[in-house]
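# Per-entry structural report
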2 protein chains.
Amino acid sequence: TTLDSFKTDVSETYPDKPLESFMAEPITNKDLLQKNSYQARMEVFILKLQKQLCQSLEDYEIKQNNQVRFKVDRWTREEGGGGITCVMQDGDVFEKAGVNISVVHGKLPVQAIEQMRARGHQFVARNTSLDFFAAGISSVVHPRNPHVPTIHFNYRYFELVDVDGKIHWWYGGGTDMTPYYLNETDCKHFHLSLKETCDKYDNSYYSKFKKWCDDYFNINYRSNERRGIGGIFFDDLNQPDQESCFSFVKACANTVIPSYIPIVKKNYQQTYTTQEREWQLLRRGRYAEFNLVLDRGTKFGLQTPGARIESILMSLPPVAKWKYGWEFKDDSPEMKLMKVLKEPKEWV
Amino acid sequence: TTLDSFKTDVSETYPDKPLESFMAEPITNKDLLQKNSYQARMEVFILKLQKQLCQSLEDYEIKQNNQVRFKVDRWTREEGGGGITCVMQDGDVFEKAGVNISVVHGKLPVQAIEQMRARGHQFVARNTSLDFFAAGISSVVHPRNPHVPTIHFNYRYFELVDVDGKIHWWYGGGTDMTPYYLNETDCKHFHLSLKETCDKYDNSYYSKFKKWCDDYFNINYRSNERRGIGGIFFDDLNQPDQESCFSFVKACANTVIPSYIPIVKKNYQQTYTTQEREWQLLRRGRYAEFNLVLDRGTKFGLQTPGARIESILMSLPPVAKWKYGWEFKDDSPEMKLMKVLKEPKEWV
C-alpha cells in the first residue's frame, strides 16, 4: 500500500551502533541489556522506538528548515533506575512533542500493591512492600495546525516479586488520538491500523480495548465528553504467554508511526483560520483538564515522592484556553466533533 | 488616606432599588429576603457585593472605551436554590473576570457530613443525610497586564440542621493574590489591608489566617511552590458569636476592593514585554494546575452531581502555557517571585 513507507519495525535486538540507535545512553548497563531477559528486551525496544519516533517528528522540522530539535534529558532516580525525557518545543509543525522512557525499580509500597490486588492480581504478600521493576515509553504530540490531531501513547512492562519468590508480570498501554476537527478518513485509518495489529493476536482484542479506551478517556463531569476519538487501552495483560504479550505490545508500539504520521503528512500544510486555532486551544483546555483531574497515571505520578514532575507533566499542552460559555452552531464542524466525543463511534 | 476613594461599605440591608443594586433577581423570594435571618442577610450582602465588584471592574473597561461587559447568567438548581454567575471576558484591562454567587439548599449526603465531623463539628446525626443551606460569593480576576496580579476571594455561610433540630452554622472564606512580578509596595498594601480588617476583630486572626492561606495554596508536588503571595484563609468560624462572625466576613469581603483595585489602578497601564507576557502565561499554567489538581472546592464541585460545572471552572485562566524545562537567571525578576513562592514572606 501507499503507507508502506511509514512502516516501523523496531526490534528488541541490541543494536550494533547504540549511540546512533538511542537518544541517550541506556539506563541499565550494557552487559545486563544484552541478556535475553524480558526486562532487557523491553528496555532495548523502547530505547529504539524512542529514537525512531523522535526522528520521524524531527524530520518534519528539518523539511521546514526549522532548527528546533528534541532536547534530551537523561535522569536517574535515587531509589533505582531512571529515564530519558525528550521534548521538542516551538516547532513549526509540532508545537510540543514529548517522548519519555523510564526504567525504574525498587520497593513498591503496600498501598500500590493493594490497588493491583483489587484489579485481580493474586499475591501471597500481605502488608509488606515488594521489589518491582517497570519499563515504559509514553508520548504526547501536540501539532501546531488544528487540522492535525494530537496523539498520545504509552506502553509498559511491569514485574513484581512476591514473598514466595514468584515473579508476577504484566503489560499495559494504549494509543489514542485527539483531533480538533473530524476527518472521517483519518479516523478510520487510525482505528483500522490499530485493529489490524490487534487482529493478528486475538480477534476479541480490538473491540475490547477500543471500549476500554472510550471508557478511560472520559471527562465524566463534562457530561461524559471523551478526550478524543479513542483508540485502544489495556492493562494487566499476561495471557496467553509472555512471548505473545511482549510481541503484541511491540506490535502496538510499532503501529504508532504508521497510524499517525500519514495523518500528519496529509494535513500539516493545511491553512487554518484564527477561529480554528481558537477552537484547538479550547479543546486543549479539556486535554489539560483530563490529564490533571482524571488521568490515573498523572495522579499516581504527582503523589509519588521523588518522581520527576517535569517528565510527568510534559504531556500538558503548550498553550490552552478556557472560555466561559462558548457556543457553536449545531451544524458547525466544532459541534460535529463534540457529537462524536459525547457518543463514541465505531470507526471500522 | 488617598485610598479612601476605594472604600467599600456594602451592607446587608435590602435595597430600595433592588434592580439597580443586584446583577440579577435574587435567588430567594423577596419576602424571605427581607426577614432578618442570617440566611437572608448573607444573600442580600453577597448580591450587593457582586454588583459593586462587577461595577468596579467594568469601570476600567468603560474608561478604555471598550464595549466588553459582564455576562450575567442566573441559574437554578433542581435540588434547591441557584446562583448568579457573572463573567467578563476579553476586556482590555481584564482578560477574564468571574464573580459568582450561589445560594443553595437541600440534603447533604452522609459522606460530606463525615468530612465536616472530621474537621471538628459535633453532630448527633449518624449515617443520615441532613438539611443544609449554603450561601457564598467567589471570584477570580485575571488581568491582561502581567504587572497586575490575579486576585481570588471567596466568602461563604453554611448551615446544617442536625437530627435533634439544632442548627450548626459557620463561616469560611479568604482572599489571596497571585502576582506575576513582585512589587513589594503592592504586596504590603494588600496584606496590610487584610491585617487591619482582621485586627478589628481579633489580634490573632491575621497571623493565623495568613499561615492557613500559605498552607492551603501550596502546590506540594512542585517542591512546595505557593500559588501566589497568599492573603487570608479560614473555615468553620463560629466564635465568639454569630453576629461577630457575620460582621467579620462582611468586613473581609468589603476589603476586597480597597485591597486590590488600587493595585490595578496603579499598574494596568504599565508597558510589558513579550517575555513578561510569556512568564504570566506560564504562571497561569500553575494556577490551572492548583485549581484542577489540589483545590478542595473545585474537586468537591466536580464530584457533585448536578453542579454547574461552567460556574465552578470560571476560575480557570483564559490562556495558560506549559513549557518543559524553563530557566531564568538567579537575579531575574522571575526568580525573585519564585523565591517568595517557595518561602512565604511576612509582609507586614
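Residues numbered from 1 in each chain as written. Chains lettered and ligands numbered in written order. Predicted model: local features only at pLDDT ≥ 70, side-chain atom pairs only at ≥ 80, totals over all residues. Heavy atoms only, no water.

A pair of packed helices is captured by two measures, namely the crossing angle of their axes and the spacing between those axes. All names here are of chain B. At a minimum axis separation of 12 Å, helix α9 (residues 274-294) and helix α12 (residues 333-342) run at an interaxial angle of 25°. Considering the angle they form, α9 stands roughly parallel to α12. Crossing angle aside, the handedness with which α9 passes α12 is right-handed. On α12, the residues touching Gln275, Trp279 and Arg283 of α9 are Glu334, Leu337, Met338 and Leu341. The residue makeup of the contact of α9 with α12, split by class, is four nonpolar, one polar and two charged. (Axes fitted to C-alpha atoms, helices over the stretch in contact; angles between N-to-C directions. Helix = DSSP H or I, 4+ residues; strand = E, 2+ residues; numbered from the N terminus. Parallel < 35°, antiparallel > 145°, perpendicular 65-115°, else oblique. Left-handed = near helix turned anticlockwise from the far one by under 90°. Contact = heavy atoms within 4.5 Å. Nonpolar A, V, L, I, M, F, W, Y, C, P; charged D, E, K, R; others polar.)

Glancing now at the sheet that holds strand β2 (residues 81-89) of chain B. All names here are of chain B. Here we have seven strands laid out as an open sheet, ordered β1-β2-β3-β4-β5-β6-β9, and antiparallel in their pairing. The open sheet has two edge strands, β1 (71-76) and β9 (230-237), and neither has a second partner. Within the sheet, the average angular offset between the axes of one strand and its neighbour, ignoring direction, is 5°. The pairing of strand β3 (residues 94-108) with strand β4 (residues 130-143) spans 14 bridges and is antiparallel. Looking at β4, one finds that Lys107 is bridged to Asp131. (Pairing = 2+ DSSP bridges.)

For the rest of this paragraph, the subject is the side chain of Gln280 of chain A. Residue and element names in this part refer to chain A. Topologically, Gln280 is positioned in helix α9 (residues 274-294). At 3.3 Å, the side chain of Gln280 forms a polar contact with the backbone oxygen of Pro143. Side-chain polar atoms of Gln280 contact the side chain of Arg277, separated by 2.7 Å. Those residues in contact with Gln280, other than ones at most four positions away along the chain, are Pro143, Arg144, Asn145, Pro146 and Tyr180. (Polar contact = N/O pair within 3.5 Å; in protein donor to acceptor, adjacent residues only side chain to side chain.)

Let us look at the sheet that holds strand β2 (residues 81-89) of chain A. Two orientations exist for strands paired in a sheet by backbone hydrogen bonds: parallel and antiparallel. Residue and element names in this part refer to chain A. Taken in spatial order, the seven strands line up as β1-β2-β3-β4-β5-β6-β9 in an open sheet, and their pairing is antiparallel. In this open sheet, the two strands that pair with only one neighbour each are β1 (71-76) and β9 (230-237). In this sheet, adjacent strand axes meet at a mean angle of 5° when their direction is disregarded. Along the sheet, helix α6 (residues 205-216) contacts β6 (167-178) and β9; its crossing angle with β9, the most-contacted strand, is approximately 100°. Across the sheet, helix α8 (residues 256-267) lies against β3 (94-108), β4 (130-143), β5 (150-161) and β6, angled at about 165° from β5, the strand it touches most.

Residues and elements named next belong to chain A. Of all the nine residues making up β2, nine are buried; the element is thus mostly covered by neighbouring parts of the structure. Neither face of β2 is open: one carries Gly81, Gly83, Thr85, Val87 and Gln89, the other Gly82, Ile84, Cys86 and Met88, and all of them are buried. Judged from the six bridges that link them, β1 and β2 form a sheet pairing that is antiparallel. For Val72, the partnering residue across the bridge sits in β2 and is Cys86. Hairpin remark: β1 followed by β2, antiparallel, with four residues in the connecting loop; positive phi at Gly80, about 135°. The pairing of β2 with β3 spans nine bridges and is antiparallel. (Buried < 20%, exposed > 50% of the residue type's maximum accessible area, 1.4 Å probe, protein only.)

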